[in-house]
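Each chain is listed here by its residues.
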Amino acid sequence: EFYKFVAGDFREPLDSLSLHIEGRVNFKALVFIPSAPPFGYFDPREEKSLQLYVNRVFIQDDCKDLVPEYLRFIKGVVDTEDLPLNVSREVTQSSPVTAKMREILTNRVLGMLEDWSKSDPEKYATFFSHFGNYLKLGLGSDFTNKDRLVELMRFETSKTAPGKMTSFKEYVSAMDAEQKEIYYITGESRAVVENNPNLEYFRKHDIEVIFLTGPVDLFTVT
């Protein structure tokens, strides 16, 4: 019921993360990963991420500074005692308290996704099919966590069945010893890239090619 209240989503969330942080910054957080994209998916005018409270007093309905843009699909609440009750949006943008909370929240959410990718690949595949385009945006903006984000990427390839995805690590491990490059092809859909005549050479030589068919996939190779 609480998730439905904070997220406006009547579907059960995919999972949740509860935090109680004490130290350089003190805050509590309850974060939810939706099971599917909500209304307004990928539209910054419609999206709302985390609610901010100070000493249990509601401050902001959508505190954009608590997580990077590529994690804005998460929902939930954050309550801290380290900000003043009259804190403004301008103050949260420049506050070292907000920056530290953002760092911790980002690290913990990425950690949870990494755990899924290793211990529950099916669950992670469900998540990535819905929110992978968000994570891809992080490759071009979050250089601190870029290596972690690269490990979380998933793609269809010329050797995967439609709808099935593989990681960069799996792609590289399957490469022939003589192959020194990662090959990819871009297009509007799998059907389009599979009909590209340039693939014939790679099929003939049994070389796997990554299919980049998402709206932000070029971020992963630039």
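Residues numbered from 1 in each chain as written. Predicted model: local features only at pLDDT ≥ 70, side-chain atom pairs only at ≥ 80, totals over all residues. Heavy atoms only, no water.

(A) Fine view of the side chain of glutamine 51. Here glutamine 51 shows up in strand β3 (residues 50-54). Among the residues examined, glutamine 51 registers a relative accessible area of 7% and is labelled buried. Residues contacting glutamine 51, with those up to four places away along its chain left out, are Val6, Phe58, Gln60, Asp61, Gly76, Val77 and Val78. (Helix = DSSP H or I, 4+ residues; strand = E, 2+ residues; numbered from the N terminus. Buried < 20%, exposed > 50% of the residue type's maximum accessible area, 1.4 Å probe, protein only. Contact = heavy atoms within 4.5 Å.)

(B) Looking closely at unusual backbone geometry. Non-glycine residue arginine 56 carries a positive phi angle of around 70 degrees. Among the secondary structure elements, arginine 56 is positioned in the loop between β3 and β4 (57-60). With phi around 55 degrees, aspartate 206 is a residue other than glycine that occupies positive phi space. Relative to the assigned elements, aspartate 206 resides in the loop between α8 (199-204) and β8 (210-212).

(C) Inspection of the packing of aromatic side chains at higher detail. Evaluation of the coordinates by the stated rule reveals 12 aromatic pairs. Geometrically, the ring pair formed by tyrosine 124 and phenylalanine 128 is tilted, given 6.0 Å between the ring centres and 35 degrees between the ring planes. Of this pair, tyrosine 124 and phenylalanine 128 both sit in helix α4 (residues 121-138), 4 residues apart, which is roughly one turn of that helix. The interplanar angle of 90 degrees and the centroid separation of 5.3 Å between the aromatic rings of tyrosine 201 and phenylalanine 202 together place this pair among those described as edge-to-face. With relative accessibility at 48%, the residue tyrosine 201 sits in the partly exposed group. The buried category is assigned to phenylalanine 202, whose relative accessible area is 17%. Through pairs of rings, three or more aromatic residues link up here, namely Phe73, Trp116, Tyr124, Phe127, Phe128, Phe131 and Tyr134. (Phe/Tyr/Trp six-rings, centres within 6.5 Å; stacked < 30°, edge-to-face > 60°.)

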